[in-house]
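As a plain string of letters, each chain reads:
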Amino acid sequence: GEAKGAKAALKLVEEAGDFYDDPRLDVLSSSDNEFRWLASGTQPVQWSPRVLVHGTTTITRQDGKVTRVIDRWDSSPTDIG
């Protein structure tokens with residue numbers, strides 16, 4: 001989903017954490033305005049498949065405040081199964 005504002009973004013993260021078993025978000029590398037991450041979790045079905053999503057977050061700042069955050073997945077949601 002898309003979130004407008006910090007509270008809405010936090011709600012999306014919490015909802016994903018509530019759905020998946022053993023949710024994780026690992027930061028793989030970072031710079032001043034960008035970081036690479038790996039999000040993962042186990043789907044709550046009988047065979048417990050682990051979903052792995054690699055991506056990049058880019059942050060834009062103006063006058064020291066975050067004005068824009070863009071998350072990009074390396075694969076589309078339909079490709080990760």
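This structure is a prediction, so every number in the text was calculated from the model and none was measured.

Visitor: Any chance you could explain the packing of aromatic side chains here in plain terms?
Guide: Centre distance and the angle of the planes are the two values used to describe a pair of aromatic rings. Overall, the coordinates contain one aromatic pair when judged by the stated rule. Taking 4.9 Å as the distance between ring centres and 85° as the angle between the ring planes, the aromatic pair formed by Phe 19 and Tyr 20 counts as edge-to-face. The class for Phe 19 is partly exposed, based on a relative accessible area of 48%. Residue classification places Tyr 20 among the partly exposed residues on the basis of a relative accessible area of 25%.

Visitor: Sorry if this is basic, but what is going on with the side chain of Thr 57 here?
Guide: For Thr 57, the position within the fold is in strand E3 (residues 50-62). At 2.8 Å, the side chain of Thr 57 forms a polar contact with the side chain of Trp 37. Not counting chain neighbours up to four residues away, the residues in contact with Thr 57 comprise Asn 33, Glu 34, Phe 35, Trp 37, Val 69, Ile 70 and Asp 71.

Visitor: So what exactly am I meant to see when it comes to the sheet that holds strand E2 (residues 34-42) here?
Guide: As a general point, the strands of a sheet are linked pairwise by backbone hydrogen bonds and lie either parallel or antiparallel. Taking strand neighbours across the sheet as the criterion, the four strands line up as E1-E2-E3-E4 in an open arrangement whose pairing is antiparallel. Both outer strands of the open sheet, strand E1 (21-30) and strand E4 (65-73), are each paired with one neighbouring strand and no more. Taking the axes of each pair of neighbouring strands and ignoring which way they run, one obtains an average angle of 25° across the sheet.

Visitor: How should unusual backbone geometry be read in this particular structure?
Guide: With the exception of glycine, the majority of residues adopt a negative phi angle, and the majority of peptide bonds are in the trans configuration. Its identity as a non-glycine residue notwithstanding, Asp 22 has a phi of 50°, on the positive side. Of note in this structure, Asp 63 is not a glycine but carries a positive phi near 55°. On the secondary structure map, Asp 63 appears in the loop between E3 and E4. Assessed through its relative accessible area of 77%, Asp 63 is described here as exposed.

Visitor: Before we go on, may I ask you to explain the environment of Arg 72 in this structure?
Guide: As for its placement among the helices and strands, Arg 72 is situated in strand E4. Residue Arg 72 is classed as partly exposed on the basis of its relative accessible area, which comes to 44%. Separated by 31 residues in the primary sequence, Arg 72 and Gly 41 have C-alpha atoms spaced 18 Å apart. A polar contact is formed between the side chain of Arg 72 and the side chain of Thr 58, at a distance of 3.2 Å.

Visitor: Can you help me understand the pattern of salt bridges in this one?
Guide: Two side chains that carry opposite charge are able to pair once their charged atoms sit near each other. The tally for this structure, following the rule as stated, stands at four salt bridges. Among the ionic pairs, Asp 22 bridges to Arg 50, the shortest N-O distance being 3.4 Å. Note that Asp 22 is positioned in strand E1 and Arg 50 in strand E3, a separation of 28 residues in sequence. Since its relative accessible area comes to 34%, Arg 50 is described here as partly exposed. Where Arg 36 meets Asp 74, a salt bridge forms, and the shortest distance between an N and an O atom there is 2.9 Å. One end of the pair, Arg 36, is in strand E2; the other, Asp 74, is in the segment after E4, and 38 residues separate them in sequence.

Cut-offs applied
- Residues numbered from 1 in each chain as written.
- Predicted model: local features only at pLDDT ≥ 70, side-chain atom pairs only at ≥ 80, totals over all residues.
- Heavy atoms only, no water.
- Phe/Tyr/Trp six-rings, centres within 6.5 Å; stacked < 30°, edge-to-face > 60°.
- Buried < 20%, exposed > 50% of the residue type's maximum accessible area, 1.4 Å probe, protein only.
- Helix = DSSP H or I, 4+ residues; strand = E, 2+ residues; numbered from the N terminus.
- Polar contact = N/O pair within 3.5 Å; in protein donor to acceptor, adjacent residues only side chain to side chain.
- Contact = heavy atoms within 4.5 Å.
- Pairing = 2+ DSSP bridges.
- Axes fitted to C-alpha atoms, helices over the stretch in contact; angles between N-to-C directions.
- Salt bridge = Lys/Arg side-chain N within 4 Å of Asp/Glu carboxyl O.

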